[in-house]
Amino acid sequence: MSSPLPLSGKVALVTGGGRGIGKAIAHRLASAGANVVIASRKLEHLERTAAEFASLPGRTLPMVCHAGRKEELERLVSLTTSQLGPIDILVNNSATNIGQGPALEVTDEAFLKTTELNVLAPLRLVRLIVPSMIARGAGGSVINIASIAGLRPQRGGLVYSFTKAGLIMMTRVWAMEFGAHNVRVNAICPGLIKTDFSEHFWNNPGYVAELERTQPIPRIGRPEEIAGIALYLASIESSYVTGQCFTIDGGNTAV
Ligand SMILES: NC(=O)c1ccc[n+]([C@@H]2O[C@H](COP(=O)([O-])OP(=O)(O)OC[C@H]3O[C@@H](n4cnc5c(N)ncnc54)[C@H](OP(=O)(O)O)[C@@H]3O)[C@@H](O)[C@H]2O)c1
């Protein structure tokens, strides 16, 4: 008899799950048997991804949601719960990096919008989902996609770095407050991964040459290379792991 998949019967919500790192994570979770909602603004990406994932063991359900709108997040959680059941795994992945540029040129608007998407949206989702994890007593896993930009300053990235550092600290406070309820909260800090989001960097030959000269693994990462740690953090394999930040960056910050 074959053993059950590690996430059989689990329900996961992955924001920004239609492309990039979120898509790779959603694929890994659904391959491990979880039923996964992928949520973002554009239905076409989501539907294409759900169709690609149709033969995986877990179901993939696309849902449109703008992460900056409180009522859309509320609707997302309520629809996910009514269609798949209570959420066991939350992956806070969607983010923005608008407003990159010199620190003295950061506008209030860029600051507020970036903060709303990168920090307030995860906070709202945790507030909507974790009480039910606690009430059910079944535990849960929250995985926050931060960045190495949240670990060390990024020139021209004041607001982005600030929000990712904030998400890392929120991860630790949540871990502290939820640990006794077996709700674990961890962060992943990717280095440069080739997605639409990071085109500004991987399309810059000078930046890439410097990365290839200095980084221990001298190449840009792939979204799939972030998915394995997310599966680990979602599964029982990481039952004694909380409040941690896992850096997946080809060794960039190690040297
Ligand atoms: N790529 C890197 O080098 C890198 C490095 C470190 C950290 N990260 C982090 O990794 C995460 C994923 O980034 P990625 O590189 O995979 O980017 P990506 O390929 O551009 O994907 C971003 C995802 O977020 C969704 N999204 C954007 N704005 C949204 C909004 N307002 N509401 C809901 N969904 C929204 C997008 O879908 P729609 O367009 O359909 O809304 C898309 O699915 C982010 O948290 C990013 O900060 C990336």
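Below is a short write-up of the structure.

Thresholds applied
- Residues numbered from 1 in each chain as written.
- Predicted model: local features only at pLDDT ≥ 70, side-chain atom pairs only at ≥ 80, totals over all residues.
- Near = placed C-beta within 6 Å.
- Helix = DSSP H or I, 4+ residues; strand = E, 2+ residues; numbered from the N terminus.
- Nonpolar A, V, L, I, M, F, W, Y, C, P; charged D, E, K, R; others polar.
- Pairing = 2+ DSSP bridges.
- Axes fitted to C-alpha atoms, helices over the stretch in contact; angles between N-to-C directions.
- Parallel < 35°, antiparallel > 145°, perpendicular 65-115°, else oblique.
- Left-handed = near helix turned anticlockwise from the far one by under 90°.
- Contact = placed C-beta atoms within 7 Å.
- Buried ≥ 20, exposed ≤ 12 C-beta atoms within 10 Å, placed from the backbone.
- Right-handed = clockwise from strand over helix to strand, strands pointing away.
- Expected span 1.5 Å × (residues − 1).

## Structural notes on the site of the ligand
Piece 1. Within the structure, the ligand sits among 29 residues, and Gly16, Gly20, Ser40, Ala95 and Phe197 are positioned closest to it.
Piece 2. Here the element with the most residues in the shell around the ligand is helix H1 (residues 20-31); it accounts for three residues.
Piece 3. Per-class residue counts for the shell around the ligand are ten nonpolar, 15 polar and four charged.

## Side note on the sheet that holds strand E6 (residues 183-190)
Piece 1. Pairing is parallel across the open sheet formed by seven strands, whose spatial order is E3-E2-E1-E4-E5-E6-E7. Strands at the two margins of the open sheet, each flanked by one partner only, are strand E3 (60-64) and strand E7 (245-248). If you compare each strand with its neighbour and ignore which way they point, the axes differ by 20° on average.
Piece 2. Bridge analysis of strand E1 (residues 11-15) against strand E4 (residues 89-92) gives three bridges, and the strand direction is parallel. Note that in E4 the partner of Val14 across the bridge is Val91.

## Quick look at the packing of H1 against helix H8 (residues 224-234)
Piece 1. Two elements in contact, H1 and H8, have axes separated by 8 Å at closest approach and are oriented at 50°. As summarised for this structure, H1 and H8 are arranged oblique, according to the angle between their axes. Crossing angle aside, the handedness with which H1 passes H8 is right-handed. Contact residues: H1 offers Ile21, Ala24, Ile25, His27, Arg28 and Leu29, while H8 offers Glu224, Ile226, Ala227, Gly228, Ala230, Leu231 and Ala234.

## Looking at the pairing of E6
Piece 1. Counting buried positions over the eight residues of E6 gives eight, a clear majority of the element.
Piece 2. On E6, burial covers both faces: Val183, Val185, Ala187 and Cys189 on one face and Arg184, Asn186, Ile188 and Pro190 on the other are all buried.
Piece 3. As paired strands, strand E5 (residues 140-145) and E6 are joined by six bridges and run parallel to one another. Looking at the pairing, Gly140 lines up with Val183 of E6.
Piece 4. The β-α-β motif built from E5, the intervening helix H5 (residues 158-178) and the parallel element E6 has right-handed crossover chirality.

## Brief notes about the packing of helix H3 (residues 70-84) against helix H4 (residues 108-136)
Piece 1. Contact geometry for H3 and H4: axes closest at 10 Å, N-to-C directions at 40°. Relative to H4, the element H3 is oriented oblique. Crossing geometry of H3 relative to H4 is assigned as right-handed. Here Lys70, Leu73, Glu74 and Val77 of H3 lie close against H4, whose contacting residues are Ala121, Arg124, Leu125, Leu128 and Ile129.
Piece 2. Partitioned by chemical class, the residues of the contact of H3 with H4 number six nonpolar, no polar and three charged.

## Regarding the environment of Thr247
Piece 1. Within the element layout of this structure, Thr247 appears in strand E7.
Piece 2. Residues Thr247 and Cys189 lie 58 residues apart in sequence; the distance between their C-alpha atoms is 4.6 Å.
Piece 3. Apart from the residues within four sequence positions on either side, Thr247 is in contact with Ile148, Cys189 and Thr253.

## Overview of unusual backbone geometry
Piece 1. Even without glycine at this site, Asn182 takes up a positive phi of about 65°.
Piece 2. Here Asn182 lies in the loop between H5 and E6.
Piece 3. Taking the number of C-beta atoms within 10 Å as the measure of exposure, Asn182 has 15 and is therefore partly exposed.

## Quick word on H5
Piece 1. The end-to-end C-alpha distance of H5 is 30 Å, a good match for the 30 Å that 21 residues give at a rise of 1.5 Å each.
Piece 2. Within H5, burial applies to Leu158, Val159, Tyr160, Ser161, Phe162, Thr163, Lys164, Leu167, Met170, Thr171, Trp174 and Phe178.
Piece 3. Packed against the buried residues of H5 are H4, E5, E6 and E7.

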